[in-house]
Amino acid sequence: MDRDYPLDRVRNIGIIAHIDAGKTTVSERILYYTGVSHKIGEVHEGEATMDWMEQERERGITITAAATTAFWVPTYAHADKDSPLNSDSQGESLGSGVRINIIDTPGHVDFTVEVERSLKVLDGGVVVFDGVAGVEPQSETVWRQADKYQVPRICFVNKMDRLGASFEFCYKTILERLTKKAVRLQIPMGEESAHVGVIDLLTMTGYHFEGELGKEVKLVPIPEEFKVVAEKYHHELVEKIVGEDDAAMNEYLEGKIVSVAQLKAILRRATISGSIIPVFCGSALRNKGVQLVLDGVVDYLPSPLDIPPVAGIDPTTGETITRPPSDEASFAALAFKLQTDPYVGQLTYFRVYSGTLEAGSYVYNATKNERERVGRILRMHANQREEVKKVYAGEIAALVGLKNTTTSDTLCDEKQPIILERIHFPEPVVSLRIEPKTKADQEKMGLALKKLSDEDPTFRIKSDPETAETIISGMGELHLEIIVDRMKREFGVGANVGQPQVAYRETITKEAEAEHKYIKQSGGKGQYGHVKLRVKPLEPLAEGADKKKLPKNVTREADFEFINSIKGGVIPQEYIPAVEKGVREGLDRGILAGYQVVNVSCELVHGSYHEVDSSELAFKLAGSMALQDAAKHAGPVILEPVMKVEVVVPEKWMGDITGNLSGRRGQIENMEDRGHLKVVRAKVPLAEMFGYVTQLRSMTEGRGTFTMEFDSYLAVPQTVAQKIIEARQ
Ligand code: GDP
């Protein structure tokens, strides 16, 4: 086999955390210790290596899901032969190191999609907590997302050096708010300014971290003052571990000593299956404990061999099929992220699930039913790129040169096609207007927005036909703010930006007809276009229907259909596309309040033309006006995005929460217990959710948390519609 790292020595992981818990600092230390990054940048100095996009540095939050490759030789592999750490001689076999691919995950709820898409391609996670604050609202959000994708994880309680840090408090919040499966694998050697190291409860050893940025890991005896408590938690840990294995449990009950190697092996299995979640601690900023977290990644998080084979659909039969994580199997990979790189152009990050791919070959995009030429294959390190000839099962790398592949497409072997489960992208629900400052900006803006939307499937662009302004829409206020920021900085576009607004839509509810004659005769050549249109709500396509097999006179898209029923050439064929174009423009312009009209079927039923005066322009205008007229009589309504909202609160605030949600036009769907907390699920219009974070916090003394995601577009009540229409005027 020609792969450089055996598959069991590959880890694909993400550092998962709520903003400010220290994810960037932890990542920086990881890159430093793994030897990739030799010059380390503190976040506050704005030099973070992972956060290479400018405005991320300034905001100090991480947005992109770039993947970085690092190598780690576990600390115990350096231990003496007779050291207690080497009891399992596992160190020897790992002497040449483990490849760790770190997939960057963002911490802000506005970037749910980024979190979800990274969770989909990683095999394990390190969840970072702030040792002062413990579990914070958003820690709970990301924790639940990781639950959804069944990501095995370990916890790292960071910032043990901070004033007010308490490992026990933080550990308690993990048990109470997240999971009873957590168990202390370490305790800090001192807290706040007394934090000098870490005690490992499995091997019962102490650690100090010395030298530049603590890169030298030193074994030290457990200080006297921690002996009793360490002993107590050691037994708790061992009991929890042997509880996962009958044979070990019997040995333990018989009073025999279960070896560290055995305990580690059981803990590894239990962590991967999700029945135990080991908790580490330290301080990334003070260089304490991060190397042991890396050891933990190697010891307890899964390799691609430890996770179930990936499942997908056979595009020819529609059957569910799987692919094993093996180089010999046929190639299957998921493109999970597009990024524009200043040096090489567009990069497509992909995770290989099975088989191999060679540079310079071809690959089949099963989602788009297209072949693509594979240019170069790059492995991205923190501060350099490495060109590789071939990538193997279980790996993550980036492709240069793919033309039509977008996020979430499956790349595979053309002879054995598979479509992997798609990443689910919610609808963009917030929009804002942007206006270029100069003519030159206008051109640059178009290009910049196109590039940004190629990278991000939840970001859309549209132009308002009436004002010629550009409207962009996305997942939330921060999402759009960051896109605008990138447009200004990376692409140097000058623009004025409006206020974020709910992205309303319009539709029709019944059938109607209208006719329009566009005639102009004032000297010279006149204008003549005459059309009669029938509009009705669009029926969904029957299950399994093939769009390509529609009759010739029908064009169909997700939310629009155009039927040409002209007989006997009453309108010549050459003018029909102009009519359709006019109809589309009419829909874009909106009927009631200027929002795009969706889900319309439009039939061109009749019309007439003039030998001399007819033109494409005349038919386009006639089409647009007839459409507007017909739609006005077809029961138009305004649609608003309605969100699925989940609020988690202690029981005593339940009444306040449900009352408040109802006041926001919310429909309570159900309520249930989660530990001693209550979960309320409701559907609430997005327009009513602005400012909810602040209100929830003040209603619940900061204890309530919530998440929301797009559910559906629904018609707004009459009174609300009136207000929206007035606002637009
Ligand atoms: P992120 O938002 O999760 O990426 O968090 P950062 O790594 O940017 O850290 C947020 C803030 O916490 C920064 O000011 C860091 O310097 C600080 N920080 C990170 N780790 C530690 C730590 O171990 N101890 C202390 N005292 N501060 C830390």
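S.K.: Before we go on, may I ask you to explain the overall build of the chain in this structure?
M.R.: Counting secondary structure elements, the chain contains 17 helices and 39 strands. When the 729 residues of the chain are sorted by exposure, 55% land in the buried category. Considering only contacts within the chain whose residues lie at least 6 apart along the sequence, 72% involve residues at least 24 apart. Summing over all exposed atoms, the chain offers an accessible surface of approximately 31,700 Å²; the carbon and sulfur share of this is 50%.

S.K.: I tried to follow the pairing of strand 34 (residues 560-564) on my own but got confused; where do I start?
M.R.: Sheet faces and side chains relate simply in a regular strand, where the side chains alternate between the two faces. With five of its five residues buried, strand 34 lies for the most part within the structure. Burial along strand 34 is two-sided: Phe-560, Phe-562 and Asn-564 facing one way and Glu-561 and Ile-563 facing the other are all buried. In this structure, strand 33 (residues 554-557) lies alongside strand 34, joined through four bridges in antiparallel fashion. Pairing of Glu-557 across the sheet is with Phe-560, part of strand 34. The loop that links strand 33 with its antiparallel partner strand 34 comprises two residues. Relative to strand 35 (residues 600-608), strand 34 runs parallel, the two sharing five bridges. Bridge pairing in strand 35 places Ile-563 opposite Glu-603. Assessed by its sense of winding, the connection that carries the chain from strand 34 through helix 13 (residues 576-589) to strand 35 is left-handed.

S.K.: Before we go on, may I ask you to explain the nonpolar core in this structure?
M.R.: One broad rule of soluble globular proteins: the nonpolar side chains tend to lie buried together. Core analysis: the largest hydrophobic core is formed by 95 residues, its most contacted members being Val-126, Phe-129 and Ile-174. The leading source of residues in this core is helix 7 (residues 224-242), at seven residues. With residues near it in sequence (within four places) discarded, Ile-174 still touches Phe-129, Val-135, Cys-155, Val-157, Thr-179, Ala-182 and Val-279. Counting 47 residues, the second-largest nonpolar core is a separate cluster that includes Leu-452, Phe-459, Trp-653 and Ala-721.

S.K.: What am I meant to see in the sheet that holds strand 14 (residues 332-341) here?
M.R.: Where strands meet in a sheet, backbone hydrogen bonds hold them as pairs that are either parallel or antiparallel. One open sheet accounts for eight strands, arranged 18-17-23-14-15-22-19-20; its pairing is antiparallel. In this open sheet, the two strands that pair with only one neighbour each are strand 18 (370-373) and strand 20 (385-388). Each adjacent strand pair in this sheet contributes to an overall mean axis angle of 40 degrees, direction not counted. Two strands pair when backbone bridges link them, and strand 19 (residues 377-380) and strand 20 are joined in this way by four bridges, in the antiparallel orientation. Bridge assignment links Met-380 to a residue of strand 20, and that residue is Arg-385.

S.K.: Teacher, can you tell me more about the layout of surface pockets here?
M.R.: Regions of empty space are outlined by a rolling probe, equal in size to a water molecule, passed over the atoms. Taken as a whole, the second largest pocket spans an internal volume of roughly 790 Å³. Tyr-149, Gln-150, Val-151, Pro-152 and Pro-308 are, among the 31 residues lining the second largest pocket, the residues nearest its centre. Looking at the lining of the second largest pocket, the elements with two or more residues in it are helix 4 (112-121), helix 5 (137-148), helix 9 (260-273), strand 12 (310-313) and strand 15 (345-354). Taken together, the residues of the lining of the second largest pocket sort by class into 18 nonpolar, five polar and eight charged.

S.K.: Help me understand helix 14 (residues 616-632), please; the structure alone is not making it clear to me.
M.R.: It helps to recall that an α-helix has 3.6 residues per turn; residues three or four apart then point in one direction. In this model helix 14 runs 24 Å from its N-terminal to its C-terminal C-alpha over 17 residues, within 8% of the 24 Å that 1.5 Å per residue would give. When helix 14 is considered as a whole, its buried residues turn out to be Ala-618, Phe-619, Ala-622, Gly-623, Ser-624, Ala-626, Leu-627, Gln-628, Ala-630 and Ala-631. Here the buried face of helix 14 lies against strand 31 (512-520), strand 32 (527-537), helix 13 and strand 35.

S.K.: Could you clarify how one ought to interpret the packing of aromatic side chains in this entry?
M.R.: The description of two aromatic rings rests on the distance between their centres and on the angle between their planes. Across all of its chains, the model carries eight aromatic pairs by this definition. Their ring planes at 65 degrees and their centres at 5.3 Å tell us that Tyr-504 and Tyr-595 sit as a pair that is edge-to-face. Taken together, the residues span a long stretch of sequence, with Tyr-504 in the loop between strand 29 (501-502) and strand 30 (505-507) and Tyr-595 in the loop between helix 13 and strand 35 at a distance of 91 residues. Assigned by exposure class, Tyr-504 and Tyr-595 land together as buried. Here Arg-184 stacks its cationic end above the ring of Tyr-233, 3.5 Å away from the centre of that ring. A cation over an aromatic ring shows up here: Arg-371 above the ring of Tyr-362, its NZ or CZ 4.7 Å from the ring centre.

S.K.: Teacher, can you tell me more about the sheet that holds strand 2 (residues 67-72) here?
M.R.: Pairing is mixed in the open sheet, where seven strands are placed in the order 2-3-1-4-5-11-6. Each end of this open sheet is capped by a strand with a single partner; those strands are strand 2 and strand 6 (182-184). Across the sheet, the mean angle separating the axes of adjacent strands is 30 degrees when strand polarity is ignored. In the sheet, strand 6 pairs with strand 11 (residues 277-281) via three bridges, with the strands oriented parallel. The residue of strand 11 that forms the bridge with Ala-182 is Ile-277. On top of the sheet, helix 10 (residues 290-300) reaches strand 1 (10-17), strand 2, strand 3 (98-104), strand 4 (124-130), strand 5 (153-158) and strand 11; it is set at about 170 degrees to strand 5, its chief contact.

S.K.: I tried to follow helix 6 (residues 167-178) on my own but got confused; where do I start?
M.R.: Helix length check: helix 6 (twelve residues) gives 16 Å between terminal C-alpha atoms against 16 Å at 1.5 Å per residue, within 8%. Three or more residues of helix 6 are buried, namely Phe-167, Cys-170, Tyr-171, Thr-173, Ile-174 and Leu-178. Considered in projection along helix 6, the buried side chains sweep an arc of 160 degrees and stay on one side of the axis.

Here is what the cut-offs are and how they apply
- Residues numbered from 1 in each chain as written.
- Predicted model: local features only at pLDDT ≥ 70, side-chain atom pairs only at ≥ 80, totals over all residues.
- Heavy atoms only, no water.
- Helix = DSSP H or I, 4+ residues; strand = E, 2+ residues; numbered from the N terminus.
- Buried < 20%, exposed > 50% of the residue type's maximum accessible area, 1.4 Å probe, protein only.
- Contact = heavy atoms within 4.5 Å.
- Areas by Shrake-Rupley, 256 points an atom, 1.4 Å probe, with all protein chains shown as cover.
- Pairing = 2+ DSSP bridges.
- Right-handed = clockwise from strand over helix to strand, strands pointing away.
- Core = buried A, V, L, I, M, F, W, Y, C linked by side-chain atoms within 4.5 Å.
- Axes fitted to C-alpha atoms, helices over the stretch in contact; angles between N-to-C directions.
- 1 Å grid on protein atoms, 1.4 Å probe; cavity = no way out; pocket = protein on both sides within 12 Å on 5 of 7 lines; lining within 4 Å.
- Points joined across faces, edges and corners; volume = space filled by probe spheres on them.
- Nonpolar A, V, L, I, M, F, W, Y, C, P; charged D, E, K, R; others polar.
- Expected span 1.5 Å × (residues − 1).
- Phe/Tyr/Trp six-rings, centres within 6.5 Å; stacked < 30°, edge-to-face > 60°.
- Lys NZ or Arg CZ within 6 Å of the ring centre and 35° of its normal.
- Arc of directions from axis to C-beta.

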